[in-house]
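Here is how the chains run, residue by residue.
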Amino acid sequence: VQLQASGGGLVQAGGSLRLVCTASGSLFSENALSWYRQAPGKRRELIARITNSGSTEYPRSMRDRFTISRDYGSNTVYLQRSSLKPEDTGVYYCHAVQFGGKDYGMEFWGKGTQVTVSS
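Analysis parameters
Residues numbered from 1 in each chain as written. Predicted model: local features only at pLDDT ≥ 70, side-chain atom pairs only at ≥ 80, totals over all residues. Heavy atoms only, no water. Helix = DSSP H or I, 4+ residues; strand = E, 2+ residues; numbered from the N terminus. Rg over C-alpha atoms; globule rule 2.2 N^0.38 Å. Buried < 20%, exposed > 50% of the residue type's maximum accessible area, 1.4 Å probe, protein only. Contact = heavy atoms within 4.5 Å. Areas by Shrake-Rupley, 256 points an atom, 1.4 Å probe, with all protein chains shown as cover. Lys, Arg positive; Asp, Glu negative; His and termini not counted. Charge placed at Lys NZ, Arg CZ, Asp CG, Glu CD. Pairing = 2+ DSSP bridges.

Asker: It is not clear to me how the overall build of the chain should be interpreted in this structure. Could you clarify?
Answerer: The helix and strand inventory of the chain stands at zero helices and eleven strands. Overall, the chain shows an N-to-C arrangement of helices and strands of β-β-β-β-β-β-β-β-β-β-β. At 14 Å, the chain has a C-alpha radius of gyration in line with the 14 Å of a compact globule built from 119 residues. Relative to its 119 residues, the chain shows a buried fraction of 41%. Contacts in the chain between residues far apart in sequence, at least 24 positions, make up 52% of those at least 6 positions apart. Summed over its atoms, the accessible surface of the chain is roughly 6,500 Å², and 46% of this surface lies on carbon and sulfur atoms. Across the chain, the mean location of the 14 positive side-chain charges is 5 Å away from that of the 9 negative side-chain charges.

Asker: Would you mind going over the pairing of strand S5 (residues 44–51) with me for this structure?
Answerer: Walk down a regular strand and you will see the side chains alternate between the two sheet faces. The pairing of strand S4 (residues 31–38) with S5 spans seven bridges and is antiparallel. Considered in S5, the bridge of arginine 37 is made with glutamate 45. Relative to strand S6 (residues 56–57), S5 is paired through two bridges, and the arrangement is antiparallel. Within S6, the position partnered with isoleucine 50 by the bridge is threonine 56.

Keep in mind that these numbers describe shape and distance, not what the molecule does.
Listed below in structure tokens is the structure:
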């Protein structure tokens, strides 16, 4: 499974963000797709997760700030946020985990896409 993310770049504070990640290859039908962020000098943190059934999970610190969605037919996951702040700067990573088959629990990471929010 390969994850390809796009949509990063330089954005002004107050602007919007829309990241796209597509999982290619044989991802088991029972799965979850997530977005993580690693800000400069900080640990990688979960932003949001969405399962193949549409269940979403947001850490409290990310709730009401980001919106995750997915296209079930293509295993594509989206991340949206408006009103960007400089503290949203970081590398955004796409992540997948599968919940079935012989590779139950196997995780996959994309290479990350840089988002820089200028003040």
